[in-house]
Amino acid sequence: MTNTVTGIKKADVIFVTGSNTTEAHPVMGMYVRQAKKAGKKLIVADPVRIPLAEIADIYLQITPGTSVALSNGMLNVIFEEGLEDKEYIKEHTEGIEELKAMVKKYTPEYAGKICGVNPDDIRAAARMYASSHKSYIAYAMGITQHINGTDNVMSLSNLALCTGNFGREGCGVNPLRGQNNVQGACDMGALPTDYPAYQKVFNPEVQAKFEAAWGVKLNPNKGLTVTKTIPAILEDKVKVLYVMGENPAVSDPDSHHVAHALEKAFLIQQDIFLNETSEYADIVFPVKAFAEKDGTFSNTERRVQRVRQLAVPKGESKDDWWIIMEIMNRLGYKCHYDKAEDIFNELRKVTPSYAGMTYARLEGKGLHWPCPTEDHPGTPILHTNGPIRNKGVGLLKAIEWIESPERQDKKYPFTLITARILYHYHTRTMTDRTRAIHFTAPRNWVEVNKDDAMELKLKDGDWLKVTSKRGSTEVEVRVVDTLEPGVMWMPFHYADGANNLSDAETLDPVCSIPGYKVIGVKVEKVSGGESKKLTEEVNNEEIAYYENEDPSRIRYKEAAAEKLLAGKGE
Amino acid sequence: MKLKFNGREYEVEKGVRVFKAAKDLGIDIPNFTIDENCHFNAAFDEPEDYEYSLKDMSVVEINGKLVRSYEVEVEDGMDIWTDSPKCKERRKEILGKVVSFHPLDCVNCVKLGECKLQKYCEMYGVKEGTDKVSYIKRPKDMSNRFYFQEFDKCIRCGRCVKVCKDKVGVEALEMVQDGKMRYVVPNLDAKLWKERIGKDSPSGKEKVMAIIDGKVSMADSTRCVSCGNCVSVCPVGAIMPKAQNNFREWETKKVVTTCTYCGVGCQIEYLVRDGKIVDAKPANGPSNEALLCVKGKFGYDFINHKDRLKHPMIRKNGKLVESTWEEALDLAASKIKEARDNFGPDSVAGFSSARTINEDNYLFQKMLRAAVGTNNVDHCARL
Ligand code: SF4
Ligand code: SF4
Ligand code: SF4
Ligand code: FES
């Protein structure tokens, strides 16, 4: 994020797109609601009528995969009506003429047709967004998980640059990171092209620096991304796969493909539970959970905060780093660390943005990177002196909208969107073990627009076979009025669900993200009756759980009893 | 500016209220309505003529006069007494009234040790109620999966309603009045009331009665997102987590750490007993301002789950079986070495983790780059 999480409250205009904030980043969602109550303006653009759409000043229910067209349409209005920040553009950007020329054709009418929204709403959104120097864009995977995800992000950044919405409190372009430490994993160089702090592996100077720091010769060739590793295994190029704390069998696109690959490679896994991926693992190392270890996480606003040990580790489980250290030594690379802090003190020497941080300094409120020296206060807001790329000049990129091939195949007439829900987290290995969460959202479902449902003769609790080019899954139906006709929605947390359907082959050309948000599917009603049985099963499981499995939790028992009395089921 | 608290001189900032100034100096002024981090004060939502008003709990004596400490700003040379006999008297009066409608069953209450009512009653020697209060008794509402409400213990401070409305922003609770007494009830849509009791804007009493009759419950609230912030702010045992873990606050150690779920990075204070987490509360972190969501507040059961892996495992004859660390580490290293030496370093690949700490991520990529010699390292950020 270029700005802070709570900074959203300082904005005059909040533009939320491709983020169901109240579900995926709930506390951030609370801030949006607080801001709205304080009289701030809210624009929401999302194919799903998310809860924030209900309180938005302007809601644009765009067709999945059309964000670029929307941004271009808004820019068209901004230029037509002279709402841009001419001074900022002159001082801090490059490429304005090309951009202007390109968005000419994206009149609100043209963009509105692509996005499936009223042209006047695009006009109103553009005016509202451009009306302030405190306009805050918040986006999440609804923007990035597209085959043109990079374009989507760039087009939002165009909007912010042209209106001078960078480098101050309450503005910026702010990706909400889904996982607690995505930011940190990227910062630390868990990327095939980057050493820590985004220093490129193919840059000879950088290579020389790391060779000196680590005392070995390093490989200058770009590595494989997650999505490219799977085919590389199938092509026999990769023989050993080491997976730390992830569950590719569920989280990666096109599950069948992935299963073959995991089966084929020698698979070393490190985790707190056995999961779907473990079925293919040859070695599994038990590790400590976050509550049992010391270390640091970097949150979505680039704030590095302490993780502290508070619980006793289970069995023989070890720190992830301890296992890695042991393997490194066995591979002939001698190293030794006594505690996580030793590693932190090493990494900050090669990670310029973390150089000024120490565990002692992170006490309290943590620090935002970049924090280059030990007396530097950290950097909550980026780009205060103009964008950092290319000496204070931000590149405006003229980006044309492209239609996802998934939407062009008439044999798969529906568009399926996948997303997070409030209660679950990723592949559920953690959340499902909190019983109350398990009982709240025990199994997969698909949401269907009510007109489509009428046509397909579907009602709540019916079952639908959803098929894409890659595979199919059978799920329970929920009829909703939050989707446009032709669009369906499914949570991505469940095994044998959404990822059976998604596409691993067509990836974003720049960063290899699969197009999770736009999946072409066809559907077919399958014989019903099962929903009721499954619901009953879960209810019985819930009651049995409260009664037998955890009798010390007397309150659960009361809850179950009360439930029975009231005759309330799911 | 300079002023005096309880006879001692202090230097304080201009423009703050007496309550906050005292708090910042570590002087606790009793109160029920202000949240621990001074993010809100539910007293402002209390009607002025409310019989069982809690507003005066926070009185202080300034120049012989009692004033509410959150209402007045500090002034140069102020002589403030936070626990003078007059203050004590006033607080005793309020506590006496409140206890008149609060069950005196502290020994059996799970909040014991943390409960503000119990603490103040002990402090001011209040043992029983002073009034005869008639109020509607209510059964526990167990219908939410994460917390339960035992509103007979409710002291009507309004904090839960306030946090839900102003901080969470969903207004799942409301405070209604019947006669002299106020009640917290789920805030339901007119349509639902109509459906359940045939009236779209029932009176306070009708709402409370509908709950007693089992016609509505918290589970009917489509607004509640089970974030548990009402649980965290309740000063007594009226809204409690269902996962009780049967602990007493004084047996626990408190440690603040960062939430392990999403990227907001909320700070959570865990209560730990014998090395096990028994409860979680929002800490006043910079990105969460003393709020949490359902996962942060209630989603910690996985840590002590019986399925946690306890031993290294190796696949033998198609099945994963327990092994020693030596055996598993040696095998992993030899397989990596074999691939590296026979097929080149790029025949090894690793998926690092967006879930684990920076230190693990750093060392993981260093292992692949420095000890194996490949850049085949990535994580699921994109997924
Ligand atoms: S759990 Fe959260 S949303 Fe529900 S009533 Fe409490 S504060 Fe409101
Ligand atoms: S339930 Fe608790 S927080 Fe809510 S009004 Fe009653 S005492 Fe206050
Ligand atoms: S408590 Fe909820 S909002 Fe906060 S970091 Fe955890 S998952 Fe995210
Ligand atoms: S001890 Fe006060 S409400 Fe339980």
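Residues numbered from 1 in each chain as written. Chains lettered and ligands numbered in written order. Predicted model: local features only at pLDDT ≥ 70, side-chain atom pairs only at ≥ 80, totals over all residues. Heavy atoms only, no water.

Caption draft 1: A look at the overall build of chain B. If you tally the helices and strands in chain B, you get 10 helices and 16 strands. The globule rule puts the C-alpha radius of gyration for 383 residues at 21 Å, and the 27 Å found for chain B is more than 25% above it. A total of 383 residues make up chain B; the buried ones form 62% of that total. Restricting the contact set of chain B to residue pairs at least 6 apart, pairs at least 24 apart contribute 60%. Looking at chain B as shown, the accessible area adds up to about 15,000 Å², and 47% of this sits on carbon and sulfur atoms. (Helix = DSSP H or I, 4+ residues; strand = E, 2+ residues; numbered from the N terminus. Rg over C-alpha atoms; globule rule 2.2 N^0.38 Å. Buried < 20%, exposed > 50% of the residue type's maximum accessible area, 1.4 Å probe, protein only. Contact = heavy atoms within 4.5 Å. Areas by Shrake-Rupley, 256 points an atom, 1.4 Å probe, with all protein chains shown as cover.)

Caption draft 2: Broad picture of the interface of chain A and chain B. On the chain B side, the residues contacting the 159 residues of chain A number 120 residues. Carbon and sulfur atoms make up 61% of the area that chain A and chain B hide from each other, which totals about 12,300 Å². Applying the counting rule to chain A against chain B returns 7 salt bridges. A salt bridge links B:Asp330 to A:Arg330; its shortest N-O distance comes to 2.6 Å. Linking chain A with chain B are 65 residue pairs in polar contact (both at pLDDT 80 or more). Ranked by residue count, the leading element in the side of chain A that touches chain B is helix H16 (residues 320-330) of chain A, at 10 residues. Its residues assigned to classes, the side of chain A that touches chain B shows 84 nonpolar, 35 polar and 40 charged. Strand direction decides the pairing type here: strand S9 (residues 240-244) of chain A and strand S15 (residues 348-351) of chain B, joined by 4 bridges, are parallel. Bridge assignment links A:Tyr242 to a residue of S15(B), and that residue is B:Gly350. (Buried area = accessible area lost by both parts, 1.4 Å probe. Salt bridge = Lys/Arg side-chain N within 4 Å of Asp/Glu carboxyl O. Polar contact = N/O pair within 3.5 Å; in protein donor to acceptor, adjacent residues only side chain to side chain. Nonpolar A, V, L, I, M, F, W, Y, C, P; charged D, E, K, R; others polar. Pairing = 2+ DSSP bridges.)

Caption draft 3: Spatial organisation of the packing of helix H4 (residues 67-80) of chain A against helix H7 (residues 108-115) of chain A. Residue and element names in this part refer to chain A. Look at H4 against H7: their axes get within 9 Å of each other, and the N-to-C directions meet at 165°. Comparing the axis directions of H4 and H7 gives the class roughly antiparallel. For the pair H4 and H7, the crossing hand works out as left-handed. In contact with Ala69, Leu70, Gly73, Asn76 and Val77 of H4, H7 contributes Pro108, Ala111, Ile114 and Cys115. Across the contact of H4 with H7, the residue classes tally to 7 nonpolar, 2 polar and no charged. (Axes fitted to C-alpha atoms, helices over the stretch in contact; angles between N-to-C directions. Parallel < 35°, antiparallel > 145°, perpendicular 65-115°, else oblique. Left-handed = near helix turned anticlockwise from the far one by under 90°.)

Caption draft 4: Structural detail: the pairing of strand S8 (residues 181-186) of chain B. Residue and element names in this part refer to chain B. S8 sits mainly inside the fold: 6 of its 6 residues count as buried. Strand direction decides the pairing type here: strand S7 (residues 173-178) and S8, joined by 6 bridges, are antiparallel. Bridge pairing links valine 176 to tyrosine 183 in S8. Here S7 folds back onto S8, and the loop between the two strands holds 2 residues, one of which, glycine 179, carries a positive phi near 60°.

Caption draft 5: Fine view of the packing of aromatic side chains. Taken as a whole, this structure holds 23 aromatic pairs over all chains when the rule is applied. Both rings, one in B:Tyr50 and one in B:Tyr52, keep their centres 6.0 Å apart while their planes meet at 75°; by these two values the pair is edge-to-face. Using a relative accessible area of 4% as the deciding quantity, one classes B:Tyr50 as buried. With relative accessibility at 6%, the residue B:Tyr52 sits in the buried group. Members of the aromatic cluster, joined through ring pairs, are A:Phe290, B:Tyr261, B:Tyr270, B:Tyr300 and B:Phe302. Residue placement shows A:Lys239 over the ring face of B:Phe343; its charged tip is 4.2 Å from the ring centre. (Phe/Tyr/Trp six-rings, centres within 6.5 Å; stacked < 30°, edge-to-face > 60°. Lys NZ or Arg CZ within 6 Å of the ring centre and 35° of its normal.)

Caption draft 6: Broad picture of the state of the cysteines. Residue and element names in this part refer to chain B. Under the counting rule described, the total for this entry stands at 0 disulfides over all chains. There is no disulfide at cysteine 121, and the cysteine sulfur nearest it, in cysteine 106, is 7.5 Å away. A relative accessible area of 9% places cysteine 121 in the buried class. (Disulfide = S-S within 2.5 Å.)

Caption draft 7: A look at the nonpolar core. The biggest cluster of nonpolar side chains holds 181 residues, and the ones touching the most others in it are A:Phe285, A:Ile327 and B:Leu117. In terms of residue count, helix H10 (residues 358-372) of chain B provides more of this core than any other element does, 8 residues in total. (Core = buried A, V, L, I, M, F, W, Y, C linked by side-chain atoms within 4.5 Å.)

Caption draft 8: Highlighting the site of ligand 2. As a structural note, the neighbourhood of ligand 2 is formed by 14 residues, with B:Cys154, B:Cys157, B:Gly158, B:Cys160 and B:Cys234 the closest of them. Taken together, the residues of the shell around ligand 2 sort by class into 11 nonpolar, 1 polar and 2 charged. (Near = heavy atom within 4 Å.)

Caption draft 9: Molecular detail of the sheet that holds strand S10 (residues 253-258) of chain B. All names here are of chain B. Ordered by their spatial adjacency, 3 strands build an open sheet running S10-S11-S12, and the pairing between neighbours is antiparallel. Since the sheet does not close on itself, it has two edges, and those belong to S10 and strand S12 (276-282), each with one partner. If you compare each strand with its neighbour and ignore which way they point, the axes differ by 30° on average. Relative to strand S11 (residues 267-273), S10 runs antiparallel, the two being bridged by 6 bridges. The partner of lysine 253 across the bridge, within S11, is valine 272.

Caption draft 10: Quick look at the confidence of the model for chain B. Counting all residues, the mean pLDDT for chain B is 91, and 99% of those residues have values of 70 or more. Reported confidence for the predicted complex is 0.91 by ipTM and 0.90 by pTM. (pLDDT = per-residue confidence, 0-100.)

Caption draft 11: Structural context of the pattern of salt bridges. Within this structure, the stated rule accounts for 59 salt bridges over all chains. Ionic pairing is found between A:Asp194 and A:Lys200, a salt bridge with its closest N-O pair at 2.8 Å. Residue classification places A:Asp194 among the buried positions, given a relative accessible area of 3%. A residue is classified by how much of its surface remains accessible, and A:Lys200, at 31% relative accessible area, is partly exposed. When the shortest N-O distance is used, the salt bridge between B:Asp189 and B:Arg223 registers 2.5 Å. Remark: B:Arg223 occurs in the loop between helix H6 (204-212) and helix H7 (229-233) and B:Asp189 occurs in the loop between S8 and helix H5 (190-197); sequence separation between them is 34 residues. Since its relative accessible area comes to 37%, B:Asp189 is described here as partly exposed. The exposure class assigned to B:Arg223 is partly exposed, which follows from its relative accessible area of 27%. What emerges from the salt-bridge pattern is a single network uniting B:Glu48, B:Lys55, B:Asp56, B:Arg68, B:Glu71, B:Arg90 and B:Glu93.

Caption draft 12: Region of interest: the domain arrangement of chain B. Taken domain by domain, chain B consists of domain 1 (2-88), domain 2 (147-241), domain 3 (249-304) and domain 4 (344-382). With centres defined by C-alpha atoms, the gap from domain 2 of chain B to domain 4 of chain B works out at 50 Å. (Domains from an automatic or database assignment.)

Caption draft 13: Spotlight on helix H2 (residues 26-37) of chain A. Spanning 12 residues, H2(A) covers 17 Å between terminal C-alpha atoms, matching the ideal 16 Å at 1.5 Å per step. The element H2(A) is largely enclosed, with a buried count of 10 among its 12 residues. (Expected span 1.5 Å × (residues − 1).)

Caption draft 14: Spatial organisation of the confidence of the model for chain A. Per-residue pLDDT for chain A has a mean of 86; in total, 89% of the residues score no lower than 70. Low pLDDT (under 50) marks residues 559-570 of chain A, which in the prediction has 17 contacts with non-local residues, meaning those over four places away or in another chain.

Caption draft 15: Fine view of the sheet that holds strand S10 (residues 266-271) of chain A. One open sheet holds the 7 strands; their spatial order is S14(B)-S13(B)-S11(A)-S10(A)-S9(A)-S15(B)-S16(B), and the pairing between them is mixed. Where the open sheet ends on each side, the last strands, each with one partner, are strand S14 (319-322) and strand S16 (377-378) of chain B. Inspection of the sheet shows strand S13 (residues 313-316) of chain B paired to S14(B) by 4 bridges, in the antiparallel sense. Along S14(B), the bridge assignment pairs B:Ile314 with B:Val321. On top of the sheet, H16(A) reaches S9, S10 and strand S11 (283-286) of chain A; it is set at about 155° to S9(A), its chief contact. The sheet contacts of H10(B) involve S9 of chain A together with S15 and S16 of chain B, and relative to S15(B) the element is tilted by about 175°.

Caption draft 16: Spotlight on the site of ligand 3. Taken together, the neighbourhood of ligand 3 is formed by A:Pro26, A:Val27, B:Cys259, B:Tyr261, B:Cys262, B:Gly265, B:Cys266, B:Leu292, B:Cys293 and B:Gly296. Residues close to ligand 3 are split across chains A and B. A per-class count over the shell around ligand 3 returns 8 nonpolar, 2 polar and no charged.

Caption draft 17: Layout of the domain arrangement of chain A. Per the domain assignment, the segments of chain A are domain 1 (6-175), domain 2 (182-368) and domain 3 (405-526). Of note, the centres of domain 1 of chain A and domain 2 of chain A, computed from C-alpha atoms alone, are 34 Å apart.

Caption draft 18: Inspection of the environment of B:Lys310 at higher detail. Note on placement: B:Lys310 falls in the loop between helix H8 (294-298) and S13. Residue classification places B:Lys310 among the partly exposed positions, given a relative accessible area of 31%. Leaving out residues up to four positions away in the same chain, B:Lys310 has contacts with A:Pro286, A:Lys314, A:Gly315, A:Glu316 and A:Ser317.

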